[in-house]
Amino acid sequence: LLANRAAIGDVLERGARYLGLANPGFDSFYGFVMSLREAVDIPNDLGALEIDDTEAERIGGMAVDDPTAATNPIPFSADQYAAIFRRACAGELTAA
């Protein structure tokens, strides 16, 4: 969500309104997702699932080649996907 924030803010504002969240917008929707993740016991990082970033470059390349990459609101390069994956492994909740 954070990596696509610039392109999906309006859509998530509508989603937040649909869910009846206070102060509808990206932040309230993101908070809802984080709370839901905690409620269903999804870990904060892929490391907790014993997934590390040793294959980050390969995964970044595979992500670019994946047919669904074309539907991403923001087109990312293999390096950007690899960086997103590394942050997911480490549990870093940042956009860049």
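Owing to the predicted nature of the structure, the values given are computational and were not obtained by experimental measurement.

Visitor: Explain the nonpolar core to me, please; I cannot follow it from the model alone.
Guide: Side chains of nonpolar character tend, in soluble globular proteins, to be buried together. Grouped together as the largest cluster of nonpolar side chains are seven residues: L2, I8, L12, A16, F26, F29 and Y30. Listed by contribution, the elements that provide at least two residues to this core are α1 (5-18) and α2 (26-39). With near-sequence residues (within four places) excluded, Y30 lies in contact with L1, L2 and L93.

Visitor: Help me understand the side chain of R37 in this model?
Guide: Position of R37 relative to the elements: it lies in helix α2. Buried charge without a salt bridge: R37, with E38 as the nearest opposite-charge side chain at an N-O distance of 7.5 Å.

Visitor: Got a minute to help me understand the confidence of the model for the protein chain in this structure?
Guide: Where the model shows low pLDDT, its predicted coordinates should not be examined in detail. Of all residues in the protein chain, 98% have pLDDT values of 70 or greater, and the mean over the chain is 94. Per-element mean pLDDT across the protein chain ranges from 94 in α1 up to 97 in helix α3 (residues 56-65).

Visitor: I'm lost on the pattern of salt bridges in this one. Help?
Guide: When the charged atoms of two side chains lie near each other, side chains of opposite charge can form a pair. The tally for this structure, following the rule as stated, stands at four salt bridges. Salt-bridge contacts for R5 lead to D27; the nearest nitrogen and oxygen are separated by 2.9 Å. Of this pair, R5 sits in helix α1 while D27 is found in helix α2, placing the two residues 22 residues apart along the sequence. Assessed through its relative accessible area of 36%, R5 is described here as partly exposed. Relative accessible area serves as the criterion here: at 53%, D27 is assigned to the exposed category. Across the salt bridge formed by R17 and E13, the nearest N and O atoms sit 2.8 Å from each other. One end of the pair, R17, and the other, E13, are both in helix α1, four residues apart, so they sit about a helical turn from each other. On the basis of relative accessible area, R17 is assigned to the exposed category, the value being 52%.

Criteria and cut-off values
- Residues numbered from 1 in each chain as written.
- Predicted model: local features only at pLDDT ≥ 70, side-chain atom pairs only at ≥ 80, totals over all residues.
- Heavy atoms only, no water.
- Core = buried A, V, L, I, M, F, W, Y, C linked by side-chain atoms within 4.5 Å.
- Buried < 20%, exposed > 50% of the residue type's maximum accessible area, 1.4 Å probe, protein only.
- Helix = DSSP H or I, 4+ residues; strand = E, 2+ residues; numbered from the N terminus.
- Contact = heavy atoms within 4.5 Å.
- Lys, Arg positive; Asp, Glu negative; His and termini not counted.
- Salt bridge = Lys/Arg side-chain N within 4 Å of Asp/Glu carboxyl O.
- pLDDT = per-residue confidence, 0-100.

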